[in-house]
Amino acid sequence: MPELAFSRRVMLSGIGAAGLSAALAGCGVPAAYVPEERRGGPDRSDRDRSVSFSNWPLYIDTDDEDEERRPTLEAFSERTGIEVAYTEEINDNDEFFGKVSPALMNRQETGHDLVVVSDWMAARFVHLGWAQRMDRSAQPNVAGNLDPQLRSPAFDEGRLHTVPWQSGITGIAYNRRALGREIKSVRDLWAPDLAGRVTLFSGLDESFALLMQGEGVDVTRWTESDFHRMCDRVEAMVRKRHVRRFTGNDYTSDLSRGDVLACQAYSGDAIQLRADNPDIEFVVPEEGGELWAESLLVPNLVRHKANAEALIDHYYDPEVAAELAASVNYVCPVPAAREVLAGSDDRETAELAENPLVFPDDEMRGRLAVARDITSVERRAFARRWNGIVGL
């Protein structure tokens, strides 16, 4: 599985898309936003059968005997004749954005045909006009197999410019044996017997939705007052020293060592944590949990757009999606892959088909929501408030 995987889901700092455009214009640099009709470049896909694909470390299937081999990529190349230059160079959303933004601002290609970023960062690309619209007529698997719950996020209605690579759930992990009771609600995190034994995510984008859900908020249409009410709650708990600390991915170590009893957590991590310690439970709270995705996008002016779109569609073949899901253990964005896994002769692989953290059932789906993203106008003030609480 990805290396406890979502330090990649780090907080977006900086001035945001609208502020960036204004700042650049004020400095005499062309406005950052690129209209749809100016995003494409000469596509060399027909005569150059290659594609460059940049992803996060440990976020793809590998061969059991040779970790340098990636079976699903090899299968794509064998079927299409398109060679994939695959790099694991995305370690942080903002860091990667800083790497490619100078080229995109100056209407230059980045050297990356296909990239995977967290959806809140994908929103930044989309709002800036730095992600190309995909040709869905060339992607029948995407059109037919994409999870309906992920088809139309607020930042990219209709998923015209992005496609989920993997998805996941933000919920609560806890040590049931050590705690001696169940956790069912976000409100349970504030119980007196958890004082000093709770951690929350430090990243604003990682934390806010679940904590708002604990306040009874519909996170698909939350408001500024909802945000500040959530912050008031967390701030009060920090003053009481109820929250032990704010974390990145190191929350997994705290929970495994027993330093904390309950924490915000990601579903993909929970599968591995539970494999190592069956006392650890993961729960989607009664009020709901956040369903998020990390998505593929094609930056402006790439040289192999058609090849990139073909590679995306390859991963929406249920057989291929099942192979990837069995390796990384996140929520599979291709529901039809469930039947493929269920038919496996390998018992552990077949059991993944029944795991609601990989294929959420109807009951769990009813409690999941894709949160409205933080707009560029809101971000500066909200980040200042949140960072003041966290101590950043």
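Everything discussed here concerns the structure shown above.
Residues numbered from 1 in each chain as written. Predicted model: local features only at pLDDT ≥ 70, side-chain atom pairs only at ≥ 80, totals over all residues. Heavy atoms only, no water.

Assigned secondary structure in the protein consists of 16 helices and 10 strands. Since a compact globule built from 392 residues should have a radius of gyration of about 21 Å, the 21 Å found for the protein is in line with a globular shape. Considered along the principal axes of its C-alpha atoms, the protein spans approximately 65 × 60 × 35 Å. Relative to its full complement of 392 residues, the protein shows a buried share of 55%. Sequence separation of 24 or more characterises 78% of the internal contacts of the protein that already satisfy a separation of 6 or more. In the protein, which carries 44 positive and 66 negative side-chain charges, the distance between the mean positions of the two groups comes to 7 Å. (Helix = DSSP H or I, 4+ residues; strand = E, 2+ residues; numbered from the N terminus. Rg over C-alpha atoms; globule rule 2.2 N^0.38 Å. Buried < 20%, exposed > 50% of the residue type's maximum accessible area, 1.4 Å probe, protein only. Contact = heavy atoms within 4.5 Å. Lys, Arg positive; Asp, Glu negative; His and termini not counted. Charge placed at Lys NZ, Arg CZ, Asp CG, Glu CD.)

Below, the discussion takes up the packing of helix H2 (residues 71-80) against helix H11 (residues 305-314). Here H2 crosses H11 at 125°, and the two axes come no closer than 11 Å. Compared by their axis directions, H2 and H11 come out oblique. By crossing handedness, the relation of H2 to H11 is classed as right-handed. Note on element contacts: H11 touches H2 through Asn-307, Ala-310, Leu-311 and His-314, opposite Thr-72, Leu-73, Ala-75, Phe-76 and Arg-79. Within the contact of H2 with H11, the residues separate by chemical class into 5 nonpolar, 3 polar and 1 charged. (Axes fitted to C-alpha atoms, helices over the stretch in contact; angles between N-to-C directions. Parallel < 35°, antiparallel > 145°, perpendicular 65-115°, else oblique. Left-handed = near helix turned anticlockwise from the far one by under 90°. Nonpolar A, V, L, I, M, F, W, Y, C, P; charged D, E, K, R; others polar.)

With that settled, consider empty space enclosed by the protein. A full pass over the atoms with the stated rule returns 2 cavities of 30 Å³ or more. Taken as a whole, the largest cavity holds about 230 Å³ of empty space. The wall of the largest cavity is formed by 18 residues, among which Asp-119, Trp-120, Glu-290, Ala-371 and Asp-373 lie closest to the centre. Broken down by secondary-structure element, the contributors of at least two residues to the lining of the largest cavity are helix H4 (119-128), helix H7 (204-213) and strand S9 (289-297). (1 Å grid on protein atoms, 1.4 Å probe; cavity = no way out; pocket = protein on both sides within 12 Å on 5 of 7 lines; lining within 4 Å. Points joined across faces, edges and corners; volume = space filled by probe spheres on them.)

You can see Ser-295 is positioned in strand S9. Overall, Ser-295 belongs to the buried group, its relative accessible area being 0%. Within the structure, Ser-295 has its side chain in polar contact with the side chain of Asp-119 (distance 2.6 Å). In contact with Ser-295, other than residues within four places in its own chain, are Val-115, Val-116, Val-117, Asp-119, Arg-159, Thr-162, Val-163, Pro-164 and Trp-165. (Polar contact = N/O pair within 3.5 Å; in protein donor to acceptor, adjacent residues only side chain to side chain.)

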